[in-house]
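Here's the letter readout for the chains.
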Amino acid sequence: PAPTYPDQDYAAGCKATTTEMVRERPTVKSLNYIGAIMAVEKAKRSGAIEALYRTTDGHITEGTRANFFVFKGEQLITPAAEILPGITRLAVLKLAAGRFAIVERAIHADELAEADEAFITSSTKEVLPIVQIDDLVIGDGAPGAHTQTLLEQFRDYARSLPVRA
């Protein structure tokens, strides 16, 4: 069965950590998971739900099993290069279009202190608020209104899809 996450994770938000790692072929979904497994295990030991990849020059690309987004005001920012473009990421970008200014570009770790909100997306995590990255509290330390709006929109969208038997 697919993993589920407690309602508390969405209400209070979660912690993520960063790990310096450059994936050899980030746009390819491969079976080379050893680096991701090690990063997630280390993240869990620090109370985090996910590990975010940080390049040697300090850019946050994506999570081990999720895509990464931040809000700065009304701007939704997400990396577009050197990532695996997830289907949930694509759905969230479509839902956000027209509501927020979407900026697809690299996110440097130094920018995280200026972020108002952060979240990750995946098929199992949906739109999961991230309120802390390493020791840095994002925004006011609680899931933001924009993230909550996208979570509600995503869940409505997912419920509207036909169920396959």
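Up top is the structure.
Each value, and the rule that gives it
Residues numbered from 1 in each chain as written. Predicted model: local features only at pLDDT ≥ 70, side-chain atom pairs only at ≥ 80, totals over all residues. Heavy atoms only, no water. Core = buried A, V, L, I, M, F, W, Y, C linked by side-chain atoms within 4.5 Å. Buried < 20%, exposed > 50% of the residue type's maximum accessible area, 1.4 Å probe, protein only. Helix = DSSP H or I, 4+ residues; strand = E, 2+ residues; numbered from the N terminus. Contact = heavy atoms within 4.5 Å. Phe/Tyr/Trp six-rings, centres within 6.5 Å; stacked < 30°, edge-to-face > 60°. Lys NZ or Arg CZ within 6 Å of the ring centre and 35° of its normal. Expected span 1.5 Å × (residues − 1). Arc of directions from axis to C-beta. Salt bridge = Lys/Arg side-chain N within 4 Å of Asp/Glu carboxyl O.

Glancing now at the nonpolar core. Judged by nonpolar contacts, the single largest core of 32 residues is most densely connected at Phe-68, Val-70, Leu-76, Leu-112, Phe-119, Ile-130 and Leu-150. Mapped onto this core, the elements with two or more residues apiece are strand E1 (14-20), strand E4 (67-72), strand E5 (75-78), helix H3 (87-96), strand E8 (117-122), strand E9 (126-133) and helix H4 (145-160). Not counting the four nearest positions on each side in its chain, Leu-76 is found in contact with Phe-69, Val-70, Phe-71, Leu-93, Ala-96, Phe-100, Ala-101, Ile-102, Val-103, Phe-119 and Leu-150.

Glancing now at the packing of aromatic side chains. Applying the stated criterion to the full structure yields 4 aromatic pairs. Centre to centre, the rings of Phe-154 and Tyr-157 are 6.4 Å apart; their planes meet at 50°, and the pair counts as tilted. One end of the pair, Phe-154, and the other, Tyr-157, are both in helix H4, 3 residues apart, so they sit about a helical turn from each other. By relative accessible area, which is 9% here, Phe-154 ends up buried. Classification of Tyr-157 by relative accessible area gives partly exposed; the value is 37%. One aromatic cluster is present, built from ring pairs that chain together Phe-69, Phe-71, Phe-100 and Phe-119. When the ring centre of Tyr-10 is taken as origin, the NZ or CZ atom of Arg-155, which lies over that ring, is 4.6 Å away.

Below, the discussion takes up unusual backbone geometry. The residue Glu-126 is not glycine, and still its phi comes out positive at about 60°. You can see Glu-126 is positioned in strand E9. With relative accessibility at 18%, the residue Glu-126 sits in the buried group. Of note, Asp-134 is a non-glycine position whose phi angle comes to about 55°, a positive value. With respect to the helices and strands, Asp-134 occurs in the loop between E9 and strand E10 (136-137).

Glancing now at H3. Considered for burial, the residues of H3 that qualify are Thr-88, Arg-89, Ala-91, Val-92, Leu-93 and Ala-96. Looking at the buried side of H3, the elements it contacts are E4, E5, strand E6 (101-104), E8, E9 and H4. A positive phi of about 85° marks Gly-98, the residue just after H3.

Before going further, it helps to spend a moment on H4. In this model, H4 (16 residues) spans 23 Å end to end at C-alpha, consistent with the 22 Å of a helix rising 1.5 Å per residue. Restricting attention to buried positions, one finds in H4 the residues His-146, Thr-147, Leu-150, Leu-151 and Phe-154. Around the axis of H4, the buried residues are gathered within 135° of arc, so they sit on the same side. Away from the buried face of H4 by more than 90 degrees, exposed residues Ala-145, Glu-152, Arg-159 and Ser-160 are located.

All right, on to the pattern of salt bridges then. Applying the stated criterion to the full structure yields 8 salt bridges. In this structure, the salt-bridge partner of Arg-54 is Glu-20, at a minimum N-O distance of 3.8 Å. A residue pair is termed long-range when its members are at least 10 positions apart, and Arg-54 in strand E2 (residues 50-54) and Glu-20 in strand E1 qualify at 34 residues. For Glu-20, a relative accessible area of 48% translates into the label partly exposed. The salt bridge involving Asp-156 is made with Arg-159; its shortest N-O contact spans 2.6 Å. Placement of both Asp-156 and Arg-159 in helix H4 is noted, with a separation of 3 residues, approximately one turn of the helix.

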